[in-house]
Amino acid sequence: MIPERANRRRPDSELAPARKEVAQLFNEAERFFLAGDKEMARRRVRAARKAAMKVRLRIPEHNHRFCRECESYLKQGMNCTVRIRDGIRITRCAECGAVRRKVLNGKR
Ligand SMILES: [Zn+2]
């Protein structure tokens with residue numbers, strides 16, 4: 001293992017494969033989830049987050065796809081509810097009941 005400084009910025013050439021891997025893992029998570037295997041879906045979510053964290057990759061495009069508390073794969077209308085109220089998106093995980101609020105900026 002190569003020690004890493006906490007906030008060192010990685011060049012995109014290093015992040016691209018991780019980004020791809022994360023997207024792939026989320027796609028697999030969705031497949032397992034849709035097949036009814038939530039545990040396998042959760043494992044994929046965990047693997048994806050781990051892969052992202054390893055290179056300190058932020059994954060805003062995937063952040064709404066899992067529960068931060070229980071790492072369940074979340075699918076709107078299936079195991080989470082999303083409400084938008086006063087410019088705040090409120091996502092509730094039906095698996096563990098965790099609620100996340102996100103202030104939406106600008107245009108809606
Ligand atoms: Zn949850």
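Look up: the structure comes first, before these words.
Residues numbered from 1 in each chain as written. Predicted model: local features only at pLDDT ≥ 70, side-chain atom pairs only at ≥ 80, totals over all residues.

**Overview of helix H1 (residues 12-34)**
Threshold: Every helix listed is a DSSP run of H or I at least four residues long, and every strand listed is a run of E at least two residues long, numbered separately from the N terminus. A helix is expected to span 1.5 Å for every residue after the first. With C-beta atoms placed from the backbone, a residue counts as buried when 20 or more other C-beta atoms lie within 10 Å of its own, as exposed when 12 or fewer do, and as partly exposed for counts between those limits. Two residues form a contact once the distance between their C-beta atoms, set from the backbone, is within 7 Å.
Helix length check: H1 (23 residues) gives 32 Å between terminal C-alpha atoms against 33 Å at 1.5 Å per residue, within 8%. Taken residue by residue, H1 has Val22, Leu25, Phe26, Ala29 and Phe33 as its buried positions. Of the surrounding elements, those touching the buried residues of H1 are helix H2 (38-54). Directly beyond the C-terminal end of H1, a positive phi value near 95 degrees is found at Gly36.

**Examining unusual backbone geometry**
Residues other than glycine seldom take positive phi values, yet Arg56 does so here, at roughly 55 degrees. Positive phi is not limited to glycine here, since Glu71 has a value of about 65 degrees. Tracing the chain through its elements places Glu71 in the loop between H2 and strand E1 (80-85). Residue Glu71 is classed as buried on the basis of its 20 C-beta neighbours within 10 Å.

**Remarks on the pairing of strand E3 (residues 99-103)**
What counts, and what does not: Pairing between strands is defined by DSSP: at least two bridges between the two strands are required.
Sheet analysis places strand E2 (residues 88-93) next to E3, joined by five bridges and oriented antiparallel. Following the sheet pairing, Ile90 is matched in E3 by Arg101. Between E2 and E3, which pair antiparallel in sequence order, lie five residues; one of them, Gly97, sits at a positive phi of approximately 85 degrees.

**Concerning the packing of H1 against H2**
Under the convention used in this document: Throughout, an axis means a line fitted to C-alpha atoms (over the contacting stretch in the case of helices), and angles, computed between N-to-C directions, take values from 0 to 180 degrees. By definition in this entry, angles of less than 35 degrees are roughly parallel, angles greater than 145 are roughly antiparallel, angles of 65 to 115 are roughly perpendicular, and the rest are oblique. Each residue gets one of three labels, nonpolar for Ala, Val, Leu, Ile, Met, Phe, Trp, Tyr, Cys and Pro, charged for Asp, Glu, Lys and Arg, and polar for the others, Gly among them.
Where H1 meets H2, the axes come as close as 8 Å, and the angle between the chain directions of the two elements is 170 degrees. In terms of axis orientation, H1 runs roughly antiparallel to H2. Across the interface between the two elements, Ala18, Glu21, Val22, Leu25, Phe26, Glu28, Ala29, Phe32 and Phe33 from H1 touch Lys38, Met40, Ala41, Arg44, Val45, Ala47, Ala48, Ala51 and Ala52 from H2. Partitioned by chemical class, the residues of the contact of H1 with H2 number 14 nonpolar, no polar and four charged.

**Here's the deal with the environment of Glu95**
Here Glu95 shows up in the loop between E2 and E3. Spatially, the C-alpha atoms of Glu95 and Glu69 are 9.8 Å apart, while their sequence positions differ by 26 residues. Once residues within four sequence positions are removed from consideration, Glu95 is found in contact with Cys67, Cys70, Ser72 and Asn79.

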